[in-house]
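Geometric and topological summary
Now for the letters of each chain:
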Amino acid sequence: MIKKFIRKVLGLKEAGPQRVPRSRHGIDRNRISPAALKTCAALHEAGFSAYVVGGAVRDLLLGATPKDYDVATNARPEQVKPLFRRALLIGRRFRIVHVVIGQETVEVSTFRAADDGSAEKDEHGRVLRDNVFGTQQEDARRRDFSVNALYYDPASEEVIDFHGGLADLKKRTMRLIGDPETRYREDPVRMLRAVRLAAKLGLSIESSSRAPIKKLARLIENVPPARLFDEMLKLLMSGHASACLRRLRDEGLSKGLLPLLDVILNQPLGERFVTLALAQTDERVKTDRPVSPAFLFAALLWHEVLAASKAHEKRGERPALALEAAMDEVLETQCEKLAITRKLTATMREVWGMQSRFEQRSGLRPYRLLESPRFRMAYDFLALRAASGEVPEELEAWWRSFQFADAETREAMLQPDTGPAKKRRRKRKKRPSGPGGGEAESSPE
Ligand code: ATP
Ligand code: MG
């Protein structure tokens, strides 16, 4: 209790907030989402304080368009909910309110206390529970980086800066609030956030915040796999996936996430393949085209699957069974660290499993493949394999034409039935009716 009191007093002393007027921070109120403004106004009217906080303020100050809006308030979740027509209480550990206005969802959270030493932790210092409400000042302290602890008050148009976030943004640097090592231990995901946000926003990580990462990288292993998956998805869908992964590698963080990523990137074909997949994804995100996480994860792990499959084939297994075993192995290893959802792994298996079927270009098989609901994704995957030099360009070109060709052209494109057809011929030869090979399919070539 006394400790808490002293820390509170020290906390007050060490970080007096700066109230920065519009003329100095330059955020234009009109650029803020109407839903976020309405949410703050309703809370104000009910007598509470309410601020736009976190990534949205940071992005506005950098001249970027925020992805979503968070609002922080001194109102408790149960006081927030009745103020809005469409509001949902979510979260078990720390309840927040999702306020839905029009097409937008604003996340409203009550000021939360920073760790005062009493939070439940694991043996590495990871906070297991931190569900205590607090003051605005405490809320600022528990945030990760100074640039993420800026509060914008739409009523006064002031930015409230507890930890020098405005100055850091000017320097284009990210600095952890408090002692970096302790903060990373409390939540190792902060190391990934540092890398992701720095890559996305073109900021540097200030040296004392960067220094402990190498040493603490292994703590990522203690993070629940579902949380890692969420963070990894954010990273891959950020539009800066290539830059993020490169930085993760440089900081020694890639192993904990995709344990085999380093191995993959060290194979010439694998590296080219992954680099292409990431570049393509970034391009799609930047041009607002949809991106499939399943496709991306399938691409990231493809060369692992190939290597494992070859190993099984060497032991004498049939290719189809070898592939099955390889997919099981790779997904099992990866899902230990990263809880890739079942829905996603099912799609990844389909896409991987369909690849060998592209080599069959005779009879009815190409038509059946074309009808598969996953054809598009599997074909895009084939195109990536061709672009990386793994399969002949000619194969991809054939499928590119075949899928859009008319019936007659398709028929003409088919290749002679080789494998199974031979068997049939052999059987026919055994028939007493003599050499009746007339039924053999004619070659279109
Ligand atoms: P973006 O939404 O662009 O990915 P963001 O900073 O808004 O970035 P969110 O996950 O939306 O990220 O989090 C909102 C805010 O919550 C952050 O700006 C930060 O203040 C705080 N926050 C998020 N994650 C953490 C964390 N692991 N530790 C401390 N504070 C965090
Ligand atoms: Mg955000």
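Presented here is a report on the structure given in the accompanying data block. (Residues numbered from 1 in each chain as written. Chains lettered and ligands numbered in written order. Predicted model: local features only at pLDDT ≥ 70, side-chain atom pairs only at ≥ 80, totals over all residues. Heavy atoms only, no water.)

**Considering the pairing of strand β10 (residues 158-161)**
A regular strand places its side chains on the two faces of the sheet in alternate fashion. Of the two faces of β10, the one lined by E158 and I160 and the one lined by V159 and D161 are each fully buried. Summarising the sheet, strand β1 (residues 18-20) and β10 pair through three bridges and their orientation is antiparallel. Looking at β10, one finds that V20 is bridged to V159. Where strand β9 (residues 150-153) and β10 come together, four bridges link them in antiparallel fashion. The partner of L150 across the bridge, within β10, is D161. (Buried < 20%, exposed > 50% of the residue type's maximum accessible area, 1.4 Å probe, protein only. Helix = DSSP H or I, 4+ residues; strand = E, 2+ residues; numbered from the N terminus. Pairing = 2+ DSSP bridges.)

**Thoughts on the nonpolar core**
Buried together is how nonpolar side chains tend to be arranged in soluble globular proteins. With 91 residues, the main nonpolar core has L43, L236, L253, F297, M348, W352 and F381 as its most contacted residues. By residue number, the principal contributor to this core is helix α16 (residues 293-314), which donates 12 residues. Mapped onto the domain boundaries, this core takes at least three residues apiece from domain 1 (2-171) and domain 2 (293-413). The contacts of F297, once residues within four sequence positions are left out, are F229, M232, L233, L236, L338, I340, L344, M348 and W352. Within the second largest apolar cluster, 17 residues are counted, among which are F375, V391, M413 and L414. (Core = buried A, V, L, I, M, F, W, Y, C linked by side-chain atoms within 4.5 Å. Domains from an automatic or database assignment. Contact = heavy atoms within 4.5 Å.)

**Let's talk about the environment of L219**
You can see L219 is positioned in the loop between α10 (207-216) and α11 (225-236). In this structure L219 comes out as buried when scored by relative accessible area, which is 9%. Here the alpha-carbon distance between L219 and L253, two residues 34 residues apart in the chain, equals 9.7 Å. What L219 contacts, discounting residues up to four positions off in sequence, is H124, R185, P188 and M191.

**Let's talk about the pattern of salt bridges**
All told, the structure shown has 24 salt bridges when counted by the stated rule. For R218, the salt bridge is made with E221, and the minimal N-O distance between the two is 3.5 Å. For D328, the salt bridge goes to R349, with nearest N and O atoms at 2.5 Å. Of this pair, D328 sits in helix α17 (residues 319-337) while R349 is found in helix α18 (residues 342-354), placing the two residues 21 residues apart along the sequence. Taking relative accessible area as the criterion, D328 reaches 37% and is therefore assigned partly exposed. Among the residues examined, R349 registers a relative accessible area of 26% and is labelled partly exposed. Several salt bridges converge on common partners, so that one network encompasses D139, R142 and R143. (Salt bridge = Lys/Arg side-chain N within 4 Å of Asp/Glu carboxyl O.)

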